[in-house]
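Listed here are the chains, written in short residue letters.
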Amino acid sequence: MKEKTRTIIAVIISLIAFYILSSVLKWNTLVAGLIAVVLYFAVFLLLKPVLRIGSTNVENIRGGETMHRMMSDAHEDIQSIYIASQNIRDKDIKQKAEKLHELGSRILKYLNDNPSSIPEARRFFTYYLDTGQNILNKYMRLENSNPGSAEIKELSEKTSRGMDILYDAFTKQFSRLMRNELMDVEADIKMLEESLEG
């Protein structure tokens, strides 16, 4: 809920309470005013949204607000990649953009389910996703403004190469994330085996 909406709701409720207490119930104006002020702050705080990454409350994660912001920006970048993939006419680039979107979405889903892994993906957030959506959006604008020109053909080759590089970077990022998960599972299995031996 937006800050402005929270404020408006809290003001309305506190004004209604003040009116009922002072006019209808004929309480002392000062007492009614104090209760209305306390009620305003209570409603304002109760309506504060709880930010989450997956099912984890952001307040329970060290650096959670920064991670939440990074995830929000990443979802916007992925959405931008998706939109570009739907609007680009060049079949090769369109297909590569769709693959990039699909892999990027899988990475974000993994990170959403495993917020403790978000710091390991900082470069993915701050560079690769942003670069991917920038390249595709610029290509899409240029393709629409001057289709079929020699410049667009040259740009298509470079953009296609860029998509290959980004796909490799996304794949490596996902592999690193999964490798850490596999090491955790292996450690759990080792502890289980040791506990059974002892």
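Below you will find a few notes about this structure. These numbers come from a predicted model, not from an experiment.

## Considering helix H1 (residues 3–24)
Over its 22 residues, H1 extends 31 Å from the first C-alpha to the last, a length consistent with the 32 Å expected when each residue adds 1.5 Å. Among all positions of H1, only Arg6, Ala10, Ser14, Ala17, Leu21 and Ser22 are buried. Seen along its axis, H1 keeps its buried residues to an arc of 110°; they face one direction. Of the exposed residues in H1, those oriented more than 90 degrees away from the buried face are Lys4, Leu15, Tyr19 and Val24. Tucked inside the fold, the buried residues of H1 contact helix H2 (29–46). Phi turns positive one or two residues past the end of H1, at Lys26, with a value near 60°.

## Here's the deal with the nonpolar core
Counting residues in each nonpolar core, the largest one holds 35 residues, and the members touching the most others are Leu111, Phe124 and Phe125. Listing elements by their share of this core, those giving two or more residues are helix H3 (64–87), helix H4 (91–113), helix H5 (122–145) and helix H6 (150–197). Look past the residues within four positions of Phe124 in its chain and what remains in contact with it is Gly104, Ile107, Leu108, Leu129, Phe170 and Gln173.

## With respect to the side chain of His101
Inspection of the secondary structure puts His101 in helix H4. Residue classification places His101 among the buried positions, given a relative accessible area of 18%. In contact with His101, other than residues within four places in its own chain, are Ile78, Ile81 and Tyr82.

## Describing the packing of H1 against H2
Contact geometry for H1 and H2: axes closest at 8 Å, N-to-C directions at 155°. As summarised for this structure, H1 and H2 are arranged roughly antiparallel, according to the angle between their axes. At the point where H1 passes H2, the crossing takes the right-handed sense. Residue-level contacts link Glu3, Arg6, Thr7, Ile9, Ala10, Val11, Ile13, Ser14, Ala17, Phe18, Leu21 and Ser22 of H1 to Thr29, Ala32, Gly33, Ile35, Ala36, Leu39, Tyr40, Val43, Phe44 and Leu45 of H2.

## Remarks on H3
The terminal C-alpha atoms of H3, which comprises 24 residues, lie 35 Å apart, in line with the 34 Å expected from a rise of 1.5 Å per residue. Buried within H3 we find Gly64, Met67, His68, Met70, Met71, Ala74, Asp77, Ile78, Ser80, Ile81, Ala84 and Ser85. The inward-facing, buried residues of H3 contact strand S1 (52–53), H4 and H5.

## A few points about the pattern of salt bridges
Counting across every chain of the model gives 6 salt bridges. Of the charged contacts in the structure, one is a salt bridge between Lys96 and Asp92, with a shortest N-O distance of 3.6 Å. In this pair, Lys96 and Asp92 are both assigned in helix H4, 4 residues apart and thus about one turn of the helix distant. Residues joined in a network through salt bridges with shared partners are Asp92, Lys96 and Asp164.

## Overview of the environment of Leu177
Note that Leu177 resides in helix H6. Along the sequence, Leu177 and Lys96 sit 81 residues apart, while their C-alpha atoms lie 22 Å from each other. The contact partners of Leu177, leaving out residues within four places of it in the chain, are Ile107, Tyr110, Leu111, Ser117 and Glu120.

## Considerations on a nonpolar patch on the surface
Side chains of Ile8, Ile12, Ile16, Tyr19, Ile20, Val24, Leu25, Trp27, Val31 and Ile35 sit close together on the surface and give an oily, nonpolar patch of about 900 Å² of accessible area. Listed by contribution, the elements that provide at least two residues to the nonpolar patch are H1 and H2. Among the elements that take part in the nonpolar patch, H1 stands out by supplying 6 residues, more than any other. You can see Ile20 is positioned in helix H1. According to the relative accessible area criterion, Ile20 is partly exposed, its value standing at 37%.

Conventions we followed
- Residues numbered from 1 in each chain as written.
- Predicted model: local features only at pLDDT ≥ 70, side-chain atom pairs only at ≥ 80, totals over all residues.
- Heavy atoms only, no water.
- Helix = DSSP H or I, 4+ residues; strand = E, 2+ residues; numbered from the N terminus.
- Expected span 1.5 Å × (residues − 1).
- Buried < 20%, exposed > 50% of the residue type's maximum accessible area, 1.4 Å probe, protein only.
- Arc of directions from axis to C-beta.
- Contact = heavy atoms within 4.5 Å.
- Core = buried A, V, L, I, M, F, W, Y, C linked by side-chain atoms within 4.5 Å.
- Axes fitted to C-alpha atoms, helices over the stretch in contact; angles between N-to-C directions.
- Parallel < 35°, antiparallel > 145°, perpendicular 65-115°, else oblique.
- Left-handed = near helix turned anticlockwise from the far one by under 90°.
- Salt bridge = Lys/Arg side-chain N within 4 Å of Asp/Glu carboxyl O.
- Patch = residues over 30% accessible without salt bridge, like charges linked within 9 Å, V, L, I, M, F, W, Y side chains within 5 Å.
- Areas by Shrake-Rupley, 256 points an atom, 1.4 Å probe, with all protein chains shown as cover.

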